[in-house]
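As a plain string of letters, each chain reads:
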Amino acid sequence: PLNCRPITAFASLSKLAGAILLETQKVSFSERYTYLAWEPVSILKINIQDACGKELFVFLKEYKNHFIAGYLSYEMGQWFENLPPLKGKDTPLPHIYLAAYDRFWVYDHLKKQWWQWFKSSPSEESFVRSKIGYFKGKFWGTNQKKATYLNHVKAILQYIANGDVYQVNYTQRC
């Protein structure tokens, strides 16, 4: 079996098409797994203005026996609610991005053990082992300084205390 941490494995595989790392933040019995996948068999990219939603459901049905990972943006709400039209995009990313993988690796942080899942059964352990290297240098970045982030969090807490909102999903771009 592999003998490295998930971030090391991902750093070595990250240049492969569609490589993803879904990392747990807090290790506990129910939050103990990290998922690593690469080279999806299919990718769905949708911009809300250009689609009606049918493509999403066709994709999900066609790849229902695959590991699917990606994101659905808040703008997807346009399909379910009567909202004002979008006024453009502030990023070149699609509103919906999903990738279907026919294999993935899972790391159990409690057992310190890797598991692999394949839709079919080819063994790629030797391939993955050959790609694993050591990660050096800065990996993650952020678009704001710590002081800015903390000021934003304080403002959010004040909005909650004032009753203006009850929940905020604060995000950053890397």
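Keep in mind that what you see is a predicted model, and the values were worked out from it rather than measured.

Caption draft 1: Quick peek at the pairing of strand β5 (residues 96-101). Within β5, five of the six residues are buried, leaving the element largely enclosed by the surrounding structure. Bridging between strand β3 (residues 42-46) and β5 involves five bridges; their strand directions are antiparallel. Residue pairing for β5: K45 is matched across the bridge by Y97. Of the strand pairs in this sheet, strand β4 (residues 67-72) and β5 are connected by six bridges, and their pairing is antiparallel. Across the sheet, I68 pairs through a bridge with A100, a residue of β5.

Caption draft 2: Structural detail: the sheet that holds strand β6 (residues 103-108). Pairing is antiparallel in the open sheet, where four strands are placed in the order β1-β2-β6-β7. Since the sheet does not close on itself, it has two edges, and those belong to β1 (20-22) and β7 (113-118), each with one partner. Averaged over all neighbouring strand pairs, the angle between strand axes comes to 20°, with direction disregarded. Pairing of strand β2 (residues 33-37) with β6, which is carried by four bridges, proceeds in the antiparallel orientation. Looking at the pairing, L36 lines up with W105 of β6.

Caption draft 3: Just the pattern of salt bridges, in detail. Taken as a whole and assessed by the stated rule, the structure comprises three salt bridges. For E39, the salt bridge is made with R103, and the minimal N-O distance between the two is 2.9 Å. Linking E39 in the loop between β2 and β3 with R103 in strand β6, this pair joins segments that are 64 residues apart in sequence. Judged by its relative accessible area of 33%, E39 falls in the partly exposed class.

Each value, and the rule that gives it
- Residues numbered from 1 in each chain as written.
- Predicted model: local features only at pLDDT ≥ 70, side-chain atom pairs only at ≥ 80, totals over all residues.
- Heavy atoms only, no water.
- Buried < 20%, exposed > 50% of the residue type's maximum accessible area, 1.4 Å probe, protein only.
- Helix = DSSP H or I, 4+ residues; strand = E, 2+ residues; numbered from the N terminus.
- Pairing = 2+ DSSP bridges.
- Axes fitted to C-alpha atoms, helices over the stretch in contact; angles between N-to-C directions.
- Salt bridge = Lys/Arg side-chain N within 4 Å of Asp/Glu carboxyl O.

That is the geometry; function is a separate question.
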